Amino acid sequence: MDGPTRTRGRSERGQAVVLALVVTFLWSTSWILIKWGLPSIPPLLFAGLRYTLAFLCLAPILWLRRDEAREAVRHGGGLLLALGVTLYAATQGGQFVALAHLEATTLSLFLSMTTAVVALFSAAGRREAPRPLQWAGVAVAALGAAAYFAPQRGSAGAPIGYAFAGLTVVANAVASILGRRANRAALASPAVITALSMGVGAAILLGAGLAVEGIPQLPATSWAIVAWLAVVNTAVAFTLWNRSLRALTAVESSVLNNTMLVQVAVLAWLFLGETRGPLEIAGLACVAIGTFLVHWRRRAPSPSGA
């Protein structure tokens, strides 16, 4: 590789890192905005409105690439349906309900354990058996979680929050595996796969929210939060994230994504008044390190376009 080409590659990677960090920051602010909106917006309806509006923003992609979308549904409709149910209906619906009962930092720690759960699922299926270093990462993350929860005292709403947090982690892990299958099968471009699966999940969330929670009168501030989450933190952020993946390896993107655990904790402290003691901070650090070890490869894989 000659000098100009190498310099250009480094520049693209540096820009991708900055872009990915911007996206993780946007996603981290989502937790704060959701907590602000939950007092006036029921959780399932909140999630349904967010992802329905985000889907409408992405819908033109399906029209412009309608032949590609039609082929994807024909050859992988079941997989896309399962991805929509797990990634959006179960994961996002569970996240919104859990946030109504748990602190943002606590749920963020739960979701950071998704990588460890995926490793365990892979081991159980004997598809991608975790290496010793990955098992060590799972153990470190589990130890960190234990340290984080040790000093906490439960509240009246905590049990249902923990139940939905657990559902969210399992659903997110399953969705990660299904998403990899969809992209490896080359059913369609990432944008088309995202739009199709999001449409399925959004319809389920909105229908469930209207059936269970009804139609509340929402103030203008609530609609503003929903609109920002849908347009900026979902439609725009997912597009930018996919762009960053063109120059980043899977390890690099996963490490950058894992910074959300720290970002959410800091934002929750600044804007929600969530304070953490020394043992809890140490637990968060262990979870972050353990998750990194699960992702680590001796040789970084090639840049992913997924």
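The paragraphs below set out a description of the structure included in this document. (Residues numbered from 1 in each chain as written. Predicted model: local features only at pLDDT ≥ 70, side-chain atom pairs only at ≥ 80, totals over all residues. Heavy atoms only, no water.)

## Some thoughts on the side chain of Thr-168
Here Thr-168 lies in helix H7 (residues 158-184). Excluding residues within four positions of it along the chain, Thr-168 makes contact with Thr-91, Gly-94, Gln-95 and Leu-111. (Helix = DSSP H or I, 4+ residues; strand = E, 2+ residues; numbered from the N terminus. Contact = heavy atoms within 4.5 Å.)

## Brief notes about the nonpolar core
Counting 66 residues, the largest nonpolar core has Trp-31, Ile-34, Phe-46, Tyr-51, Leu-99, Leu-107 and Leu-196 as the members making the most contacts within it. Element by element, the count of residues in this core is highest for helix H1 (residues 3-37), at nine residues. Excluding anything up to four places from it in sequence, Leu-99 contacts Trp-31, Ile-34, Lys-35, Leu-38, Ala-104 and Leu-107. Core analysis: the second largest hydrophobic core is formed by ten residues, Met-113, Tyr-148, Leu-261 and Val-287 among them. (Core = buried A, V, L, I, M, F, W, Y, C linked by side-chain atoms within 4.5 Å. Buried < 20%, exposed > 50% of the residue type's maximum accessible area, 1.4 Å probe, protein only.)

## Points about the environment of Ser-189
Here Ser-189 is to be found in the loop between H7 and helix H8 (190-213). With relative accessibility at 17%, the residue Ser-189 sits in the buried group. Residues Ser-189 and Ala-72, 117 residues apart in the sequence, show an inter-C-alpha distance of 9.3 Å. Sequence-distant contacts of Ser-189, defined by excluding residues within four places in its chain, comprise Arg-65 and Glu-68.

## A closer look at the environment of Leu-26
Counting through the fold element by element, Leu-26 comes out in helix H1. Of the residues examined, Leu-26 reaches a relative accessible area of 14% and is grouped as buried. Placed 206 residues apart in sequence, Leu-26 and Val-232 show a C-alpha to C-alpha distance of 7.9 Å. Setting aside residues no more than four positions away along its own chain, Leu-26 makes contact with Val-232, Asn-233 and Ala-237.

## Concerning the packing of aromatic side chains
This structure, assessed with the given rule, holds nine aromatic pairs. Members of the aromatic cluster, each reached through a chain of ring pairs, are Phe-110, Tyr-148, Phe-149 and Tyr-162. For the cation-ring pair, Arg-66 lies above Trp-63, with the distance from its terminal atom to the ring centre recorded as 4.1 Å. (Phe/Tyr/Trp six-rings, centres within 6.5 Å; stacked < 30°, edge-to-face > 60°. Lys NZ or Arg CZ within 6 Å of the ring centre and 35° of its normal.)

## Details of the packing of helix H2 (residues 43-64) against helix H3 (residues 66-99)
Two packed helices can be described by the angle between their axes and the distance between those axes. For the pair H2 and H3, the least separation of the axes is 11 Å and the interaxial angle reads 160°. The angle between H2 and H3 places the two elements in the roughly antiparallel class. Crossing handedness for the pair H2 and H3: right-handed. Here Pro-43, Leu-44, Phe-46, Ala-47, Arg-50, Tyr-51, Leu-62, Trp-63 and Leu-64 of H2 lie close against H3, whose contacting residues are Arg-66, Ala-69, Tyr-88, Gln-92, Gly-93, Phe-96 and Val-97. (Axes fitted to C-alpha atoms, helices over the stretch in contact; angles between N-to-C directions. Parallel < 35°, antiparallel > 145°, perpendicular 65-115°, else oblique. Left-handed = near helix turned anticlockwise from the far one by under 90°.)

## Considerations on the pattern of salt bridges
This structure, assessed with the given rule, holds five salt bridges. A salt bridge links Arg-74 to Glu-71; the shortest N-O distance between them is 2.9 Å. With Arg-74 and Glu-71 both in helix H3, this residue pair falls three residues apart, about one helical turn. The exposure class of Glu-71 is partly exposed, given its relative accessible area of 33%. Between Arg-276 and Glu-280 there is a salt bridge; the shortest N-O distance is 3.8 Å. Here the salt bridges share partners, and the residues they tie into one network are Glu-103, Glu-274, Arg-276 and Glu-280. (Salt bridge = Lys/Arg side-chain N within 4 Å of Asp/Glu carboxyl O.)

## Considerations on a nonpolar patch on the surface
Residues Trp-36, Val-262, Val-266, Trp-269, Leu-270 and Phe-271 make up a contiguous nonpolar surface patch of roughly 640 Å² in combined accessible area. Here the nonpolar patch takes five residues from helix H11 (residues 260-271), the largest share from any one element. Positionally, Leu-270 belongs in helix H11. (Patch = residues over 30% accessible without salt bridge, like charges linked within 9 Å, V, L, I, M, F, W, Y side chains within 5 Å. Areas by Shrake-Rupley, 256 points an atom, 1.4 Å probe, with all protein chains shown as cover.)

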